Structures are given as structure tokens and as C-alpha cells.
Amino acid sequence: MSEDLMGAIQQILILGKGDQGRLEYLLELLQKGRPLPDSDKKYLQIMVPLYLGPQDPESYQKNVEFAITKLYGEIRELGEKMTGIQRKGFEKYVGRKAILFFITVFVLWNALQSYVLPILSNFVPNSMIQYVFPLNLIANYLNYGQVVWFAFLIISISWPFIGLIHLVKFIRSRKISNNV
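Residues numbered from 1 in each chain as written. Predicted model: local features only at pLDDT ≥ 70, side-chain atom pairs only at ≥ 80, totals over all residues. Heavy atoms only, no water.

1. Quick word on the nonpolar core
Buried together is how nonpolar side chains tend to be arranged in soluble globular proteins.
Point 1. Within the largest apolar cluster, 14 residues are counted, with the highest numbers of intra-cluster contacts made by Ile9, Leu23, Leu26, Leu36 and Leu44.
Point 2. Elements that contribute at least two residues to this core include exactly α1 (2–15), α2 (20–31) and α3 (38–52).
Point 3. Residues Val107, Ala111, Val148 and Ile155 belong to the second largest nonpolar core, which totals six residues. (Core = buried A, V, L, I, M, F, W, Y, C linked by side-chain atoms within 4.5 Å. Buried < 20%, exposed > 50% of the residue type's maximum accessible area, 1.4 Å probe, protein only. Helix = DSSP H or I, 4+ residues; strand = E, 2+ residues; numbered from the N terminus.)

Dropping the structure here:
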């Protein structure tokens, strides 16, 4: 079996068809008596009949259609995998940024209490107004009144650094993909 397969690979190499490097590697594996991986067996199941099968037009057309169908299936499968990976990465990326954004808005809301309070006092009862600013309620309870402004300042300063980090990662990923 392996003698026939080695001969078939050599014939395909002589014809200059298929992936020359891969075929040479497979020939070397067979010559050393090593088993072929499943992906390489599938590759040869497509390549051998395609290039060495019967020469009548009907068989050739059947082999070509089989190879094309097989390749389309593999391309579709790879496309689905790539879409899943991209979606997962995008959701993870957006999820983290959304959480940080909402934390920033929440802290800002509490930091602007003294400016928003006069407007809200017309709509919210005085007994409930303290619950509209929960972070300030906690800070005042612990006698850390200015900690909310400090937290907002830290978060506001962190945004440009986070943006810079992601910009550098993006530039590096473009350089790596261009080098490949």
C-alpha cells in the first residue's frame, strides 16, 4: 500500500501538481515508515484520484467535482471557525470597554452630585435624594467625602492610557500580519 502511495506521490511531484513541499514531506514520512496524519491522508485521497485517476473525461470530471466539493466544505468550515473566533474576540473586547465606560459614568454621576442635586430636588423627594447618589452615600458614611472625585479623576486619566495600549496592540498586529 505504501509503495503504491509513494509511487503516486512521486508521479504527482513529476507532474508539478499539488503542494510540492507538502508532497515531498509526505513522501519522506512514508519512506521512513512513519504513519501519515489524518489531514494528510485526506489530502492524498483528493490529490491522487484528481491527478492520477482514470483519464476518461467522465471520471476526471467526477474527481474534480469531488475535490471542489470537499474544498468548498473545508473553506466553509474554516470561515465559520474564523467568524466564531472574531465574534468571540470582539465581544470580549467590547464587553471590557463597556464595563469600564459604565463605571466611569457611574462615578461621574456621583462626582457631579453638587451640580445635579439642585435640578433633581424638583423631581425627587428629599428623603430619597441620597439614594440617587449611592457612591456618595457610602463615601460620606465612611467619612471619605472627596474620594468620589479622586476616583473619577483616576478613571478619567486611565482612559488615554488604555487607548494608547490598544493602539500599540493594533499596530503590532498589523505589522505581524504584514510580515507573514
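Let us keep going from here.
2. What about the confidence of the model for the chain?
Point 1. Summarising the model, the chain shows a mean pLDDT of 78, and 82% of its residues fall at 70 or more.
Point 2. Taken element by element, the predicted model of the chain shows its lowest mean pLDDT in helix α4 (residues 57–111) (74) and its highest in α2 (90). (pLDDT = per-residue confidence, 0-100.)

3. Overview of the packing of aromatic side chains
Point 1. On inspection of all chains with the given rule, the structure shows one aromatic pair.
Point 2. For the pair Phe101 and Phe102, a centre-to-centre distance of 5.5 Å together with 70 degrees between the ring planes defines the contact as edge-to-face.
Point 3. Above the plane of the ring of Tyr43 lies Arg22, whose end atom (NZ or CZ) is 4.1 Å from the centre. (Phe/Tyr/Trp six-rings, centres within 6.5 Å; stacked < 30°, edge-to-face > 60°. Lys NZ or Arg CZ within 6 Å of the ring centre and 35° of its normal.)

4. Some remarks on the pattern of salt bridges
Point 1. Tallying each qualifying case throughout the model produces three salt bridges.
Point 2. Asp40 is paired through a salt bridge with Arg22; the nearest N and O atoms lie 2.8 Å apart. Of this pair, Asp40 sits in helix α3 while Arg22 is found in helix α2, placing the two residues 18 residues apart along the sequence.
Point 3. Looking at Asp40, the relative accessible area reads 7%, which means it is buried. (Salt bridge = Lys/Arg side-chain N within 4 Å of Asp/Glu carboxyl O.)

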